[in-house]
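Structural features, examined
Each chain, letter by letter, is given below.
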Amino acid sequence: MATILDIPEVAGLDARRGLVRIPPELDVPLTDRVRQIVDTAEFRRLARVSQLGLVSLVYPAAHHTRFEHCLGVYRLALLFLKRLAYDERFARLVRPEDAELFVVTALLHDLGHWPFCHPIEDIHLTSVPSHQLFANSFLLEGEIADALRHDWGIQPRDVVALLSEKPRDATSRLLGTMLSGPIDIDKMDYLFRDSLHAGVPYGRHFDQPRLIGSLCLNESGDGLAITDKGKTAAELLVFARYVMFSEVYWHHGVRSATAMLQRAFYLLHAMLDLHALFRMEENPMIQELERVAGPGPAGELLQGLFGPKRQLYKRLAQYSLFEQGETYGLLARRPYPWLAACAEQFTAIA
């Protein structure tokens, strides 16, 4: 009877053939059916969408792509399965066909991301879909959907369900936590990879092999857990995430650039064909935003971000829940249109 270890991609970890290399000196096994997905236009598009977007304005080497990240997450999915295949309870709950669904979902988990996706989503405009919902247009029809059905025997709808729907049973709940949970393959890759390309050490200070080697199921058998040997590695993963947000993702220069892009997009969104825009690669998307913006206020913001000379807004004030609680409470969690109107009033006063 076939087991998880017999899945061609899992076996490929030790086969030493059909490999592609990604930083830092990691070999990723690519079987024919994985290549069939990776070589589609929809997936290749991720090679021209940067993982960190505006972060490169502060950390100039942070130009790695969603494509590279997806390969890294896919590799970690295989390592998770290779380790957990030796856990009898896991093997009883997760059949080889469930594990294959997990593998392709890991590979495709960022398929719906467009350039600068998270800053644009964070404005919460009604005309902007979530990237999970946007991924459905790539997953449910076209080359990738055909490859899933013909090469994997997987229904595209099952990938969508595992990515974005409420778990239907113990198996999907367990696999869902492996994709997105306290210790998951997405977080373990992006912290390490973002840290590597940004040139900072903060996201690499956890023992990834030790953490994977300590994986097991929780007492009830429906969720991921770690043994005592992985405790310190898990704590360092949590701390790595905190420091990466503090020093990289929420660096004040990055926050300034983010605010400029959000304001430009807010000014332009009613004039944009968002369905077409979100299917573009990064440079064409920037060009389209600049074309629609013209020489007006949005154009000036975009020139500061993407023009020949970087011109980011300077930090004027910073408000903390603990130090300026009253002011923070007036500004926090407000709808973006309210914040934009507030900014206009400040400008008028100045």
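To keep things clear, this report deals only with the structure shown in the data block. (Residues numbered from 1 in each chain as written. Predicted model: local features only at pLDDT ≥ 70, side-chain atom pairs only at ≥ 80, totals over all residues. Heavy atoms only, no water.)

This paragraph deals with the overall build of the protein. If you tally the helices and strands in the protein, you get 20 helices and 4 strands. Over its C-alpha atoms the protein spans a radius of gyration of 22 Å, differing by no more than 12% from the 20 Å that the globule rule assigns to 350 residues. Seen through its C-alpha atoms, the protein measures out along the principal axes to roughly 75 × 45 × 40 Å. Across the 350 residues in the protein, those meeting the buried criterion constitute 49%. Across the protein, the fraction of contacts at a sequence separation of at least 24, relative to all contacts at a separation of at least 6, is 67%. One way to put it: in the protein the 37 positive side-chain charges average out to a point 4 Å from where the 43 negative ones average out. (Helix = DSSP H or I, 4+ residues; strand = E, 2+ residues; numbered from the N terminus. Rg over C-alpha atoms; globule rule 2.2 N^0.38 Å. Buried < 20%, exposed > 50% of the residue type's maximum accessible area, 1.4 Å probe, protein only. Contact = heavy atoms within 4.5 Å. Lys, Arg positive; Asp, Glu negative; His and termini not counted. Charge placed at Lys NZ, Arg CZ, Asp CG, Glu CD.)

Here we come to helix α20 (residues 336-349). Taking 1.5 Å per residue as the helical rise, α20 with its 14 residues ought to reach 20 Å, and the 20 Å between its terminal C-alpha atoms agrees with that figure. Where the residues of α20 are buried, they touch α15 (252-268). (Expected span 1.5 Å × (residues − 1).)

Bringing the pattern of salt bridges into the picture now. Considering all chains together, one arrives at 19 salt bridges under this definition. A salt bridge links glutamate 9 to arginine 33; the nearest nitrogen and oxygen atoms lie 2.8 Å apart. In this pair, glutamate 9 is assigned in helix α1 (residues 8-11) and arginine 33 in helix α2 (residues 32-38), connecting sequence segments 24 residues apart. Judged by relative accessible area, arginine 33 falls into the buried class, the value being 15%. Via salt bridges that share partners, Glu9, Arg33 and Glu100 belong to a single interconnected network. (Salt bridge = Lys/Arg side-chain N within 4 Å of Asp/Glu carboxyl O.)

On to the pairing of strand β2 (residues 26-29). Neither face of β2 is left uncovered, since the one carrying Leu26 and Val28 and the one carrying Asp27 and Pro29 both have all their residues buried. For strand β1 (residues 19-22) and β2, the ladder comprises 4 bridges, and the chain directions are antiparallel. Within the sheet, the bridge partner assigned to leucine 19 lies in β2 and is proline 29. Counted between consecutive antiparallel strands, the loop separating β1 from β2 contains 3 residues, among which glutamate 25 sits at a positive phi close to 60 degrees. (Pairing = 2+ DSSP bridges.)

Okay, the nonpolar core next. Counting 107 residues, the largest nonpolar core has Phe43, Phe265 and Phe278 as its most contacted members. Looking at this core element by element, the count peaks at 11 residues for helix α4 (residues 66-84). Here phenylalanine 43 is in contact with Ile37, Val38, Phe67, Cys70, Leu107, Leu108, Leu111 and Ile144, once residues within four sequence places are set aside. (Core = buried A, V, L, I, M, F, W, Y, C linked by side-chain atoms within 4.5 Å.)

One way to put it is that helix α6 (residues 96-108) packs onto helix α10 (residues 156-164) with a least axis distance of 10 Å and a crossing angle of 70 degrees. Considering their axes alone, α6 and α10 lie roughly perpendicular with respect to each other. The hand of the α6/α10 crossing is right-handed. Side by side, α6 and α10 meet where Leu101, Phe102, Val104, Thr105 and Leu108 of the first sit next to Asp158, Val159, Leu162 and Leu163 of the second. Here the residues of the contact of α6 with α10 are counted per class, giving 7 nonpolar, 1 polar and 1 charged. (Axes fitted to C-alpha atoms, helices over the stretch in contact; angles between N-to-C directions. Parallel < 35°, antiparallel > 145°, perpendicular 65-115°, else oblique. Left-handed = near helix turned anticlockwise from the far one by under 90°. Nonpolar A, V, L, I, M, F, W, Y, C, P; charged D, E, K, R; others polar.)

Take helix α18 (residues 297-306) next. Helical geometry: 3.6 residues make up each α-helical turn, so side chains three or four residues apart lie on a common side. Every buried residue of α18 is listed here: Ala298, Gly299, Leu301, Leu302, Gly304 and Leu305. Next to the buried residues of α18 lie α15 and α17 (282-293).

Another aspect to go through is the environment of serine 320. Within the secondary structure, serine 320 is located in the loop between α18 and α19 (325-331). When near neighbours in sequence (up to four residues on either side) are disregarded, serine 320 contacts Gly325 and Tyr328. Here phenylalanine 322 takes part through its backbone nitrogen, which lies 3.1 Å from a polar atom of the side chain of serine 320. (Polar contact = N/O pair within 3.5 Å; in protein donor to acceptor, adjacent residues only side chain to side chain.)

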